[in-house]
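# Inside the fold
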Amino acid sequence: MTRTLSALTVVAVLAGAASFSSFRAQSGGSYDALVKLYTDMRASQQPADTNGVPDYTAAAVQARRKALDDFGRALDAFDSSSWPRPQRVDHLLVLAQWRTHDFELRVLKPWARDPGFYVDMIWRTPMVESWPLAGSELEKFKTELRSVPEVIAQAKKNLTEGGSEQTRMAVR
């Protein structure tokens, strides 16, 4: 399972890098290029998902960090001073979104510090609005239940910076 997640991480990083390279080649600092940068940046920050388990391994987080740094450099290259006010505001909003992702990856690190991060992933699993389940809903539910051990395994591996007692209690 870990090799599969790592392979997906590599694919996601390569796709993000290709997207970033094409952005740099066509950019020119236009508003349309900013919109594309924003869309690509948001997509690059979504963790890869395998069988219902988001990948928050160290390699996956590092890949997201590198992609975000690349997008930050591209964002710094924009000069929106001559753009109409609504587009300048959009530029500032994209910058704010970039800073939010940066803060999460650099400071908050909930995958490494917060046992509740994993508890929330598991907590959502058994929530079903109507019984009995059938067809695709039943298969989705089964997949979510099967993902619980992998979520716990990731928590045990990734929770390296949390309060020690809380972390130990959460992963038992």
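Note: the structure precedes this text.
Conventions adopted
- Residues numbered from 1 in each chain as written.
- Predicted model: local features only at pLDDT ≥ 70, side-chain atom pairs only at ≥ 80, totals over all residues.
- Heavy atoms only, no water.
- Helix = DSSP H or I, 4+ residues; strand = E, 2+ residues; numbered from the N terminus.
- Buried < 20%, exposed > 50% of the residue type's maximum accessible area, 1.4 Å probe, protein only.
- Lys, Arg positive; Asp, Glu negative; His and termini not counted.
- Salt bridge = Lys/Arg side-chain N within 4 Å of Asp/Glu carboxyl O.
- Contact = heavy atoms within 4.5 Å.
- Core = buried A, V, L, I, M, F, W, Y, C linked by side-chain atoms within 4.5 Å.

## Observations regarding the side chain of Arg-64
You can see Arg-64 is positioned in helix α3 (residues 58-76). There is no salt bridge for the buried Arg-64, and the closest opposite charge comes from Glu-104, which lies 4.6 Å off by N-O distance. In this structure, Arg-64 is in contact with Ser-44, Gln-45, Pro-47, Tyr-56 and Leu-105, ignoring residues within four places of it in sequence.

## Here's the deal with the environment of Met-127
With respect to the helices and strands, the residue Met-127 is situated in the loop between α6 (115-124) and α7 (135-158). You can call Met-127 exposed: its relative accessible area is 52%. Linking Met-127 and Phe-141, residues 14 residues apart in sequence, is a C-alpha distance of 9.0 Å.

## With respect to the nonpolar core
Residues Leu-34, Leu-37, Tyr-56, Leu-75, Phe-78, Trp-111 and Tyr-118 are the most contacted members of the largest nonpolar core, which totals 26 residues. Put simply, the parts of the chain that give this core at least two residues each are α2 (31-44), α3, α4 (85-108), α5 (110-113), α6 and α7. Top element by residues in this core is α3. It accounts for 6 residues. Leave out the neighbours within four places in its chain, and Leu-34 touches Leu-75, Phe-78, Trp-83, Asp-90, His-91 and Val-94.

## A closer look at the pattern of salt bridges
Scanning the model with the defined rule gives 10 salt bridges in all. The residue Asp-70 makes a salt bridge to Arg-73 at a minimum N-O spacing of 2.3 Å. Note that Asp-70 and Arg-73 are positioned in helix α3 at a spacing of 3 residues, about one turn of the helix. The buried category is assigned to Asp-70, whose relative accessible area is 11%. Lys-142 is the salt-bridge partner of Glu-139, the closest N and O atoms lying 3.8 Å from each other.

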